[in-house]
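Below, each chain spelled out in residue letters.
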Amino acid sequence: MEKKINLRLFFMGFFSMVLTTVLLVGLFHGTMERAARREVKQMTDFLAKACPSSDDVAELMRFEEEEKRMTLIAADGTVLYDSFVDASEMENHKDRQEVKDALEIGVGESNRQSVTFNHYSYYYALRLPDGSVLRVGTEMEGLLDGFRDTLPSLALVLCCMSILSLLVSRLLTKKLVGKLQDMIWHMDGKQGQVPREMLPLAQAMKAYQQKKEEGEKWRQQFTANVSHELKTPLTSISGYAEMMESGMVQEGDIKTFAGKIHREAGRLIMLINDILELSKLDEPGELGPVEQVDVLRLARDTVEMLSMKAEQYQVQLRLSGNGAFVRGNKTMLGEVLYNLCDNAIRYNKPGGYVQVDVSVAEEQPVIVVKDNGIGIPLESQERIFERFYRVDNSRSKATGGTGLGLAIVKHIVLRHGGTIEVESKEGGPTKMKVIFPPQQEPKEAAKQVKKKEGTA
Ligand code: ATP
Ligand code: MG
């Protein structure tokens, strides 16, 4: 790993150096080319002014120089004078691009291989008042000659820089690996060794690790709880069955024992259903079928469903409110209502009441389930939403509770974007309040539902 980082850093340094050199040479060459062209143009302009006629050859010759080639061409293309070559030996120049353009529009330029010298050259031509053409050219290839001379020293510099880059990358790698090592120490709980600049990263990694560990612990705890909860009724069932099998139960008691087994088996089924429901809710993704749910109607159905139980517990069950519509999964929302009402009945006192209210407050659908039952002590109020948590184990179990009801409720509410609040004290009363987010165009939705009901 250290070697890899080292090598990568070195190559990064090396390639950026080579790239910079190549780019610089290219850039420099381009600038020089532009300057050379400008110079040729300026010289042509000057010569055209100084020697404005084809008769001024002698005057023109005074400006001869080594780097620039001057040519004077008659209107018919005959070369009258050339500073590099004997004009009489030169072919007609009428077809040369720059000459052609100059004859036609007064000015012409071209970048091409010189037919005469086989060099890459730049030409600029101007038409003189008498119709002849004055052309100045310069070789472009010579521009890189300067670089060619400096190439050996450039290579040497590159070599030195490479060695330097190798050393620097080695140093940097050592430092980096050292810092990572420090960070790992920090994550292991050895404080004070992590470099300051790496502290945020180290802290984030540590938090992530802690969260992962907590999740792991929580899962283990849940599995242990599930196993324990499953084991209890199964042990009872097994015990009763064993007693019946060994003939320890008298004929007349068999019915009682069968009833006990039946009850325990029922508890098991309920528990398994709740666990399945929770694991379904744990999975991210769709909620299943989603629709516009008339919550008041759902509450009415729930109250009806629980009326027998309420009677049995001698609790009065009441429903009020103007109603509300929530976009969501009807079965799940029904479960929220059922669980809350079921708790309010079960943890009540004979002669008590349960008040269910469904309304909209500040555009938010609200469900309130209030009871004047036994209440929830302050220290338990946070925990009642935990899986398997029961304030009074014996009472919950005696009434068939699994301790998963409110965990499921909270999950469903959260999945619908809502919140749940509890207000209670030991000895009661208790108020459970579910608040959903504002629904889109509730009136429109209500209308739609009414229409549907009308057609149904
Ligand atoms: P389940 O709902 O799965 O049958 P459960 O009722 O015991 O079992 P939860 O609904 O999660 O489980 O409730 C957790 C605990 O919170 C209950 O055991 C009970 O102690 C307490 N609790 C819930 N609602 C009320 C209430 N309205 N009044 C008093 N205590 C309550
Ligand atoms: Mg419950």
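Residues numbered from 1 in each chain as written. Chains lettered and ligands numbered in written order. Predicted model: local features only at pLDDT ≥ 70, side-chain atom pairs only at ≥ 80, totals over all residues. Heavy atoms only, no water.

This part is about the sheet that holds strand β1 (residues 68-73). If you trace the five strands from one edge of the open sheet to the other, you get β2-β1-β5-β4-β3, paired in antiparallel fashion. Every interior strand has two partners, whereas the edge strands, β2 (79-82) and β3 (107-113), have only one. Put simply, the sheet's adjacent strands are angled 20° from each other on average, direction ignored. As paired strands, β1 and strand β5 (residues 133-139) are joined by six bridges and run antiparallel to one another. The residue bridging Arg69 from the neighbouring strand is Gly137, located in β5. Packing of helix α1 (residues 2-50) onto the sheet brings it into contact with β1, β3, β4 (120-127) and β5, and relative to β4 it is tilted by some 30°. The strands touched by helix α3 (residues 97-105) are β1, β3, β4 and β5; relative to β3, the strand with the most contacts, the crossing angle is about 170°. (Pairing = 2+ DSSP bridges. Helix = DSSP H or I, 4+ residues; strand = E, 2+ residues; numbered from the N terminus. Axes fitted to C-alpha atoms, helices over the stretch in contact; angles between N-to-C directions. Contact = heavy atoms within 4.5 Å.)

Turning our eyes to something else, we now look at the sheet that holds strand β11 (residues 419-424). Strand order across the open sheet formed by five strands is β7-β9-β10-β12-β11, with mixed pairing between neighbours. Looking along the sheet, the strands with just one partner apiece sit at the ends: β7 (316-320) and β11. Each strand axis lies, on average, 15° off the axis of its neighbour in the sheet, ignoring direction. Both strand β10 (residues 364-371) and strand β12 (residues 430-435) contribute to a ladder of six bridges, which runs antiparallel. In the sheet register, Val369 faces β12, and the bridge partner there is Met432.

This next bit is on the domain arrangement of the protein. Where interface size is quoted, it is often the accessible area lost as the parts come together. Domain assignment breaks the protein into domain 1 (2-144), domain 2 (213-282) and domain 3 (291-455). For domain 2 versus domain 3, the distance between C-alpha centres works out to 27 Å. The interface of domain 2 with domain 3 comprises 14 residues on the first partner and 15 residues on the second. Roughly 1,500 Å² is buried in total at the junction of domain 2 and domain 3, and carbon and sulfur atoms are behind 62% of that figure. For the domain 2 face of the interface with domain 3, the top three residues by lost area are Arg267, Leu278 and Leu281, together amounting to 39%. At the boundary of domain 2 and domain 3, one finds two salt bridges. The residue Glu229 makes a salt bridge to Arg390 at a minimum N-O spacing of 2.7 Å. Applying the counting criterion to the domain 2 and domain 3 interface returns five residue pairs in polar contact (both at pLDDT 80 or more). (Domains from an automatic or database assignment. Buried area = accessible area lost by both parts, 1.4 Å probe. Salt bridge = Lys/Arg side-chain N within 4 Å of Asp/Glu carboxyl O. Polar contact = N/O pair within 3.5 Å; in protein donor to acceptor, adjacent residues only side chain to side chain.)

Right, let's talk about the nonpolar core for a bit. Across soluble globular proteins, nonpolar side chains have a tendency to be buried as a group. Of all hydrophobic cores here, the largest spans 48 residues; its most connected members are Leu340, Val354, Val356, Val369 and Val434. Broken down by secondary-structure element, the contributors of at least two residues to this core are α5 (199-245), α6 (254-282), α7 (295-312), α8 (330-346), β9 (353-361), β10, α10 (405-415) and β12. It is α8 that contributes the most residues to this core, eight residues altogether. Ignoring anything within four residues of it in the chain, the contact list for Val369 reads Leu340, Cys341, Ala344, Val354, Gln355, Val356, Thr430, Lys431 and Met432. (Core = buried A, V, L, I, M, F, W, Y, C linked by side-chain atoms within 4.5 Å. Buried < 20%, exposed > 50% of the residue type's maximum accessible area, 1.4 Å probe, protein only.)

Scanning the entire structure with this criterion turns up eight aromatic pairs. Ring geometry for Phe10 against Phe14: centres 6.0 Å apart, planes inclined by 25°, an arrangement best described as stacked. Here Phe10 pairs with Phe14, and both are found in helix α1, just four residues apart, close to one helical turn. Accessibility expressed as a relative area gives 25% for Phe14, which makes it partly exposed. An angle of 25° between the planes, with centres 6.0 Å apart, marks the rings of Phe11 and Phe15 as stacked. With Phe11 and Phe15 both in helix α1 and four residues apart, the pair spans about one turn of that helix. The structure contains a cluster of three or more aromatic residues connected by ring pairs, namely Phe10, Phe11, Phe14 and Phe15. If you follow Arg62 out to its NZ or CZ, it ends over the ring of Phe63, 5.4 Å from the centre. Sitting over the ring of Phe385, Lys410 keeps its end group 5.3 Å from the ring centre. (Phe/Tyr/Trp six-rings, centres within 6.5 Å; stacked < 30°, edge-to-face > 60°. Lys NZ or Arg CZ within 6 Å of the ring centre and 35° of its normal.)

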